[in-house]
Structures are given as structure tokens and as C-alpha cells.
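# A structural walkthrough
Single-letter residue listing:
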Amino acid sequence: MKRQKQAFLFSIALTLAFAAALFAQDQKFTDPNVDYSFDLPDAKWKMTVKPSATSPNVEYVYGDRSQGHLEIRRLNVAKDAILTDVIRDEEQKQQFRPGFVAGKKESFAGHLRGEIFNFEYVAAGRSMSGRFYLLRANPTTVYVLRFNGPNNALRSIQNQTDSIARTFAVKP
């Protein structure tokens with residue numbers, strides 16, 4: 001009887017371990033209306049804007065918008081466009097935010113190569129950050145993954161923003 005009880009408890013423990021492993025796996029974003037996919041490393045990422053046939057835009061929040069926001073945009077650029085020029089255009093769009101301060105630019109590589117543009121600003125009296133990943137898919141296409149959120153919140157999920165950008169890939 002004691003052996004049956006131990007075997008039963010072991011099977012429950014094993015089932016719980018498999019269930020935990022299943023829930024810990026990344027969620028994969030893919031949609032027939034867009035030509036890319038990526039992995040979401042945490043179940044707290046919730047889609048707020050779903051792509052459609054008329055609008056390929058995708059947006060997610062981390063928990064809620066006050067903890068982190070992601071929007072993905074596709075940019076068509078000139079064939080000879082340098083990524084630094086594309087970043088400068090993105091920076092000019094952001095510079096009118098209150099308290100805007102440009103941060104460092106970093107090289108980045110995942111499925112796609114590109115650069116990261118960091119900046120800070122103030123919104124509703126709170127210190128905020130932006131971390132934009134500009135990833136070149138081909139000579140005329142750049143994807144921008146725009147992450148925004150409070151300084152501390154965005155900093156604390158930077159490993160997740162990097163993971164999303166690293167797994168971002170164009171569908172074949």
C-alpha cells in the first residue's frame with residue numbers, strides 16, 4: 001500500500017513538472033496578415049492591436065501599458081539607405097517628446113541584424129524610456145520594434161525585449 005502511495009505521489013509530481021515546463025515555453029507570434037514571426041518569452045505579453053488585411057501593425061503590452069509597450073512597424077527605405085539615416089529619422093520623430101534625451105546606439109544581431117536606438121523622455125511626470133530595434137530584412141525593408149515604458153520597468157524587462165528582437169524573423 002505504501003509503495004502504491006509513493007508511486008501515485010511520484011506520478012503527480014512528474015505531471016506537475018511537465019505542466020510547469022509547458023507553461024514556461026515561449027509563445028510564438030505568427031499571423032497570416034504579416035510576413036514575420038517572433039517569440040514572446042513571458043505570458044504577461046498581451047496583444048492589444050492585431051494585424052489585419054488593411055493594417056499590418058501589431059502591438060503588445062507587458063501586463064498593462066504602464067509596464068511596457070511594443071509596437072512593430074515595417075518601413076520601406078531606399079535601396080541605398082544607411083541604417084544610421086533611418087535611426088536619425090526615428091530620432092527626429094521622438095525629439096519633440098517632453099524631456100527627450102537621446103541615448104546610446106548599439107549594434108544588434110539575432111535572426112536579423114540591425115541597431116538599437118535608446119532614449120529617455122518624460123510622460124505624465126514620469127521618467128520614461130524608449131528602446132527601438134531597427135532590423136534590416138532586405139535592402140529596402142527595415143522593421144522597427146518600438147518598446148516604450150517607465151525607465152525602471154523597461155530596464156527590468158530588457159532581457160525580454162532583446163529576446164523578442166533576437167527571435168524576430170521574416171517568413172520564407
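Here, the structure is the one placed above.
This text gives an overview of the structure that appears in the document. Nothing here was measured: the structure is a model prediction, and the numbers come from that model. (Residues numbered from 1 in each chain as written. Predicted model: local features only at pLDDT ≥ 70, side-chain atom pairs only at ≥ 80, totals over all residues. Heavy atoms only, no water.)

## What to know about the overall build of the protein chain
A count of helical and extended segments in the protein chain gives four helices and ten strands. The linear arrangement of helices and strands in the protein chain, starting from the amino end, is α-β-β-β-β-β-α-β-β-β-β-α-α-β. For the protein chain, buried positions account for 40% of its 172 residues. In the protein chain, of all internal contacts separated by at least 6 residues, the share reaching a separation of at least 24 is 44%. Summed over all atoms, the accessible surface of the protein chain reaches about 10,100 Å², with 56% contributed by carbon and sulfur. (Helix = DSSP H or I, 4+ residues; strand = E, 2+ residues; numbered from the N terminus. Buried < 20%, exposed > 50% of the residue type's maximum accessible area, 1.4 Å probe, protein only. Contact = heavy atoms within 4.5 Å. Areas by Shrake-Rupley, 256 points an atom, 1.4 Å probe, with all protein chains shown as cover.)

## Structural notes on the sheet that holds strand S8 (residues 126–138)
Strands sit in the order S3-S4-S5-S9-S8-S7-S6 across an open sheet of seven strands; the sheet is antiparallel. Only two strands of the sheet have a single neighbouring strand rather than two, namely strand S3 (45–49) and strand S6 (101–109). The sheet shows a mean angle of 25° between the axes of neighbouring strands, taken without regard to direction. Bridge count for strand S4 (residues 58–62) against strand S5 (residues 69–76) is four bridges, and the pairing is antiparallel. (Pairing = 2+ DSSP bridges. Axes fitted to C-alpha atoms, helices over the stretch in contact; angles between N-to-C directions.)

## Here's the deal with the sheet that holds strand S2 (residues 36–40)
If you trace the three strands from one edge of the open sheet to the other, you get S1-S2-S10, paired in antiparallel fashion. Edge positions in the open sheet fall to strand S1 (27–30) and strand S10 (169–170), since each of these has one partner strand only. Note: S2 against S10, two bridges, orientation antiparallel. Residue pairing across strands places Tyr-36 opposite Val-170, the latter belonging to S10. Here helix H4 (residues 158–167) sits on the sheet in contact with S2 and S10, set at roughly 150° to S2.

## Quick notes on the pattern of salt bridges
Tallying each qualifying case throughout the model produces twelve salt bridges. Between Lys-105 and Glu-91 there is a salt bridge, and its shortest N-O distance comes to 3.6 Å. A residue pair is termed long-range when its members are at least 10 positions apart, and Lys-105 in strand S6 and Glu-91 in helix H2 (residues 83–94) qualify at 14 residues. Taking the relative accessible area as the measure of exposure, Lys-105 reaches 41% and is therefore partly exposed. What you see here is one network of salt bridges that share partners, running through Glu-59, Glu-71, Arg-73, Glu-90, Lys-93 and Arg-146. (Salt bridge = Lys/Arg side-chain N within 4 Å of Asp/Glu carboxyl O.)

## Description of the packing of aromatic side chains
Across all of its chains, the model carries 18 aromatic pairs by this definition. Ring geometry for Tyr-143 against Phe-168: centres 5.2 Å apart, planes inclined by 55°, an arrangement best described as tilted. Remark: Phe-168 occurs in the loop between H4 and S10 and Tyr-143 occurs in strand S9 (residues 141–150); sequence separation between them is 25 residues. A connected cluster of aromatic rings, assembled from ring pairs, spans Phe-29, Tyr-36, Phe-38, Tyr-60, Tyr-143 and Phe-168. Looking at Arg-97, its charged tip hangs above the ring of Tyr-121, at a distance of 4.2 Å from the centre. (Phe/Tyr/Trp six-rings, centres within 6.5 Å; stacked < 30°, edge-to-face > 60°. Lys NZ or Arg CZ within 6 Å of the ring centre and 35° of its normal.)

## Some thoughts on the environment of Val-49
Here Val-49 is to be found in strand S3. With relative accessibility at 30%, the residue Val-49 sits in the partly exposed group. The spatial distance from the C-alpha of Val-49 to the C-alpha of Tyr-60 is 6.9 Å, given a sequence separation of eleven residues. Those residues within four positions of Val-49 in sequence are excluded, and the remaining contacts are Asn-57, Val-58 and Glu-59.

## Focus: the side chain of Glu-71
By the secondary structure assignment, Glu-71 is in strand S5. Beyond its immediate chain neighbours, meaning those up to four positions away, Glu-71 contacts Val-58, Glu-59, Val-144, Leu-145 and Arg-146.

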